[in-house]
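Here is how the chains run, residue by residue.
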Amino acid sequence: MKETSVIETPGVDDIVRLDEMRPGEAGVIVDIDMSLKRNSRLVAMGVVPGTWIVVRKFAPLGDPMEIRLRNYQLSLRKSTASRVLVKRTRNNDSNQSYNKENGMIGRP
Amino acid sequence: MTKTIALAGNPNSGKTTLFNRLTGTRQVTGNWPGVTVEKKTGDISSPLPMCLVDLPGLYSIASFAAEEVVARDFIMNDRPDVVVNIIDATNLERNLYLTLQLRKLGCRLIVALNMMDELLSHGDTLDVDRLSALLELPVVPISARSGEGVDTLLQRVAELAAEPFDESSLIAWQKETPEETQRLYDLATDIHAAVLVHSHSRGALSLSDRIDRLLTHRVLAFPLFLLLMFVIFYLTFSEKIGGFLGEWFSERVADLGALVAQGLTSIGTAPWLTSLIVDGAIAGVGGILAFLPQIIILFFFLTILEDSGYLARTAFITDRLFREIGLTGHSFIPMILGFGCTVPAIMAARGIENERDRRLTVLITPFMSCSARMPIYALLSQLFFSRHAGLIVFGLYVFGILVALLSAFILNKVLPGQADHDFVLELPPYRVPYTKSLLLHIWDKISDFVRRAGTIIFLMSIIIWFLNNFTFSLTYIRGDEPSILYTLSQALTFLFVPLGFGRWQAVSALFSGLIAKESLVSSLNILLPGEQLATFFSPLSAASFLVFVLLYTPCVAAIAATAREMRSRTWTVGAIFWQTGLAYIMGLLVYQIGSLFV
């Protein structure tokens, strides 16, 4: 039932900073910087370890970025995103299928 | 006894729409997080006398943003009899986090599952009974928009409120640890997965996604935004539409004035009374009402921007630019709303979490030309720049934006403190503006405008007329005696001589503009009737006057809003000085530099 906090398919995942991810890529948040934990807004909006996220796009001027998590869209600056670590999941190895175009998580 | 019912929920979950449904009132709604920034109350008489409190949206009761504290304090200290937690069914997982927090507090809770119609239209299904069982709370599916389920909700709330309640179950709020936050969110994820089934069609691009791809497109985003703004202002000011309707309106007002004057004279009314009605009330109020069509058009489009979800995207695409001046894209939302009315625009700044950013935004928002400044722009630009009137008005709007951005840039460099570099904003799904709420919004604007014209502007017109037609010994002026207004304003005219309009009529008009910006036009109409205005200014002094009007301190209502949001006397007074000081300097520059060429 707790699908977003279970990470499978070892070996093909790698840990990256959220701001380094490209549109369409997905993964699970593994850690966030202490300074962000104190940022009540970001945490209150569900950016916590164990959360499945998909990068949707970057703004026309390259920053901020838009991610999808918990079935809604959130925009945050790359400087903030750089303090979030994500275990990137390869599209075809994921136990969840998601649409690369819109970041929708479809459940099998 | 009247029961207190609080409406709590995430921003943009539809609390205010539900509130309006339940109480039959019309609070302003929109499709962006943070429309409601203060708690509002309304009464319901059946089935129980209840006082409903609409709280500002909050993501978490552990937050410290100003409007979230308002909501938390109300729940914790005022102890409402029932808390209705409104949840956006299409955004269930994140909304459940707040529900779980509220449940922990031990307050009497009922869940209103909103936007069920939208969820079902996506082809998704939600097991309401299962949700209720897992949360151990009553859950009522509703659609605040269509009203479906709202009666059932009200019935359930009343039943709950009538039951005795032991307040000792309330638990004092304790700071939430990151571990606890994560635990609640994990629980929300589990419940969400257990009750909601997404349809398989969700893999396809939804309409909202396709619109979004276009409007935030790497290349097209900015051209589309500028095009949109151009279309809005073109339709508002175009002679064929807004301007045409306005002209038609003002001709009717002139006809009415002439007709009334004729009628009053023929029945032998005293000249002073005829003058009061025709030169005071009709000239003053009528001159403003002529702008009603344009204001309706402008607000129509601003409301569409708000309700469609595009406003949050404009913040998203401009954030990078705002970083250059030390603000975030969030500041753009109040600025755009400032084209309508400065007061709600300033209040919209409350969603900005960082205090310094918020104060700077409040300070620069009045530089955006509000709709009340439209009449004076139109009047003077048509009189003195007939062929280039459109260009002058456009220039004033752009100049206001530039001064706003430049002010933020300079103050950010000069003032102590660190600029905030966080920009966390929810991007709501695009929604087709709901016709009924759109019409209500417009209707509110019309009635508000007409009411202002009938009260404040009317009163100001009478006062200006009185001060202009009576001497200090309170006798009606027939000859050349100095009026009260003349004597009072004459004392200050020397200040404005370097700006090119150091004459008492201009000074009086500027002061009346402090009460309401529309009064500038009504005062000038009263003080300089007929053809006098056309020779009162030169094109250059008219330009300097317009620049001063654009920048000087906004009306008293906006000053009051500024003081509320600044929460600091230094900042409030500082903002007024900055605005008026800049107005003076810019007016001076326009006139003095212009004099070298003319």
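Residues numbered from 1 in each chain as written. Chains lettered and ligands numbered in written order. Predicted model: local features only at pLDDT ≥ 70, side-chain atom pairs only at ≥ 80, totals over all residues.

(A) Region of interest: the overall build of chain B. Of the regular secondary structure elements, chain B holds 27 helices and 9 strands. Relative to the compact-globule value of 25 Å for 598 residues, chain B shows a C-alpha radius of gyration of 27 Å, a close match. Reported as C-alpha extents along the three principal axes, the dimensions of chain B are approximately 85 × 55 × 45 Å. Taken across its 598 residues, chain B has 47% of its residues classed as buried. In chain B, once contacts between residues fewer than 6 apart in sequence are set aside, the share between residues at least 24 apart is 73%. (Helix = DSSP H or I, 4+ residues; strand = E, 2+ residues; numbered from the N terminus. Rg over C-alpha atoms; globule rule 2.2 N^0.38 Å. Buried ≥ 20, exposed ≤ 12 C-beta atoms within 10 Å, placed from the backbone. Contact = placed C-beta atoms within 7 Å.)

(B) Molecular detail of the overall build of chain A. Helices and strands together make up the secondary structure of chain A, namely 3 helices and 8 strands. Written out in order from the N terminus, the α and β elements of chain A read β-β-α-α-β-β-β-α-β-β-β. Relative to its full complement of 108 residues, chain A shows a buried share of 47%. Restricting to contacts in chain A with at least 6 residues of sequence separation, those with at least 24 account for 59%.

(C) Spatial organisation of the pairing of strand 4 (residues 82-88) of chain B. Residues and elements named next belong to chain B. Among the 7 residues that make up strand 4, 7 are buried, leaving the element largely enclosed by the rest of the structure. The alternating pattern of strand 4 places V82, V84, I86 and D88 and V83, N85 and I87 on opposite faces, both of which are buried. When strand 1 (residues 3-9) meets strand 4, the two strands line up parallel, connected through 5 bridges. Within strand 4, the position partnered with A8 by the bridge is N85. Where strand 4 and strand 5 (residues 109-114) come together, 6 bridges link them in parallel fashion. Residue pairing for strand 5: V83 is matched across the bridge by L109. What joins strand 4 to strand 5 is helix 3 (residues 92-105), and the crossover it makes is right-handed. (Pairing = 2+ DSSP bridges. Right-handed = clockwise from strand over helix to strand, strands pointing away.)

(D) Highlighting unusual backbone geometry. Residue A:P64 follows A:D63 across a cis peptide bond; omega there is -5°. Of note in the backbone geometry, B:R79 takes a positive phi value of approximately 45° without being a glycine. Residue B:R79 is classed as partly exposed on the basis of its 15 C-beta neighbours within 10 Å.

(E) Inspection of the pairing of strand 1 of chain B at higher detail. Residues and elements named next belong to chain B. Counting buried positions over the 7 residues of strand 1 gives 5, a clear majority of the element. Relative to strand 3 (residues 50-54), strand 1 runs parallel, the two being bridged by 5 bridges. Within the sheet, the bridge partner assigned to I5 lies in strand 3 and is L52.

(F) Representation of the environment of B:G329 within the structure. All names here are of chain B. As for its position among the elements, G329 is in the loop between helix 13 (310-324) and helix 14 (332-337). By the C-beta count within 10 Å, which is 24 here, G329 ends up buried. Once the C-alpha coordinates of G329 and R313 are considered, the two residues, 16 residues apart in sequence, prove to be 9.2 Å apart. Not counting residues within four places of it along the chain, the set of residues in contact with G329 comprises A315, F316, T318, D319, F322 and F423.

(G) Broad picture of the confidence of the model for chain B. Averaged over every residue, the pLDDT of chain B is 87; the share at 70 or more is 94%. This prediction of the complex comes with two scores: 0.85 for pTM and 0.81 for ipTM. (pLDDT = per-residue confidence, 0-100.)

(H) Structural context of the sheet that holds strand 3 of chain B. Residues and elements named next belong to chain B. Taking strand neighbours across the sheet as the criterion, the 6 strands line up as 2-3-1-4-5-7 in an open arrangement whose pairing is mixed. Two strands close off the open sheet at either side, each with one partner strand: strand 2 (40-44) and strand 7 (139-141). Neighbour-to-neighbour, the strand axes of this sheet turn through a mean angle of 25°, independent of strand direction. Where strand 2 lies against strand 3, 5 bridges are found, and the strand directions are antiparallel. Within strand 3, the position partnered with I44 by the bridge is M50. Sheet contacts for helix 1 (residues 15-23): strand 1, strand 2, strand 3, strand 4 and strand 5; angle to strand 3, the most-contacted strand, approximately 155°. (Axes fitted to C-alpha atoms, helices over the stretch in contact; angles between N-to-C directions.)

(I) Molecular detail of helix 16 (residues 355-364) of chain B. Residues and elements named next belong to chain B. The buried count for helix 16 comes to 8 of 10 residues, which makes it a mostly enclosed element. Every buried residue belonging to helix 16 is among D357, R358, R359, L360, T361, V362, L363 and I364, and all of these are buried. Each element contacted by the buried residues of helix 16 is listed here: helix 14, helix 15 (342-348), helix 18 (389-414), helix 26 (556-566) and helix 27 (569-597).

(J) Region of the structure containing the packing of helix 16 of chain B against helix 18 of chain B. Residues and elements named next belong to chain B. Helix 18 packs onto helix 16 with a crossing angle of 145° between their chain directions and a minimal axis gap of 9 Å. Considering how the two elements wind past one another, helix 16 and helix 18 form a crossing that is right-handed. Residues L360, L363 and I364 of helix 16 pack against A404, S407, A408, L411 and N412 of helix 18. Per-class residue counts for the contact of helix 16 with helix 18 are 6 nonpolar, 2 polar and no charged. (Left-handed = near helix turned anticlockwise from the far one by under 90°. Nonpolar A, V, L, I, M, F, W, Y, C, P; charged D, E, K, R; others polar.)

(K) Structural detail: the domain arrangement of chain B. The domains assigned to chain B are domain 1 (3-202) and domain 2 (226-417 + 444-597). Relative placement of domain 1 of chain B and domain 2 of chain B: their C-alpha centres are 41 Å apart. (Domains from an automatic or database assignment.)

(L) Representation of the nonpolar core. All names here are of chain B. Among the nonpolar cores identified, the biggest contains 187 residues, and L7, V84, A112 and L546 are the most heavily contacted of them. Among the elements that line this core, the one with the most residues is helix 25 (residues 539-551), at 9 residues. A domain-level breakdown of this core finds at least three residues from each of domain 1 (3-202) and domain 2 (226-417 + 444-597). Setting aside residues up to four positions removed in sequence, V84 forms contacts with I5, A6, L7, I110, A112 and V157. (Core = buried A, V, L, I, M, F, W, Y, C linked by C-beta atoms within 7 Å.)

(M) Spatial organisation of the environment of B:Y552. Residues and elements named next belong to chain B. Assignment of secondary structure puts Y552 in the loop between helix 25 and helix 26. Using a count of 21 C-beta atoms within 10 Å as the deciding quantity, one classes Y552 as buried. Linking Y552 and V83, residues 469 residues apart in sequence, is a C-alpha distance of 44 Å. Here Y552 is in contact with Q579, T580 and A583, once residues within four sequence places are set aside.

(N) View of the environment of B:L527. Residue and element names in this part refer to chain B. Mapping L527 onto the fold places it in helix 23 (residues 519-527). By the C-beta count within 10 Å, which is 26 here, L527 ends up buried. Measuring from C-alpha to C-alpha, the distance between L527 and S238 comes to 29 Å, with 289 residues separating the pair along the chain. What L527 contacts, discounting residues up to four positions off in sequence, is I464, N468, Q505, S508 and A509.

(O) Spatial organisation of the confidence of the model for chain A. All names here are of chain A. Of the residues in chain A, 67% have a pLDDT of 70 or more, and the chain-wide mean is 77. Scored below 50 in pLDDT, residues 1-10 makes 20 contacts in the model with residues more than four places away or belonging to other chains. Low confidence marks residues 92-108, where pLDDT is under 50. Its contacts with residues over four positions away, or in another chain, come to 34 contacts.

(P) Spatial organisation of the sheet that holds strand 9 (residues 425-427) of chain B. Sheet architecture is open: 7 strands sit in the order 1(A)-6(A)-2(A)-3(A)-4(A)-5(A)-9(B), paired in antiparallel fashion. A strand with exactly one partner marks an edge of an open sheet, and here the two such strands are strand 1 (14-17) of chain A together with strand 9 of chain B. Across this sheet, the average inter-strand angle for adjacent strands is 40°, counted without regard to direction. Here strand 2 (residues 26-32) of chain A pairs with strand 6 (residues 84-89) of chain A via 6 bridges, running antiparallel. From the neighbouring strand, A:V28 faces strand 6 of chain A, where its bridge partner is A:K87. In the packing of helix 13 of chain B onto the sheet, the strands contacted are strand 4 (65-69) and strand 5 (72-76) of chain A together with strand 9 of chain B, and the crossing angle to strand 9 of chain B comes to about 125°.

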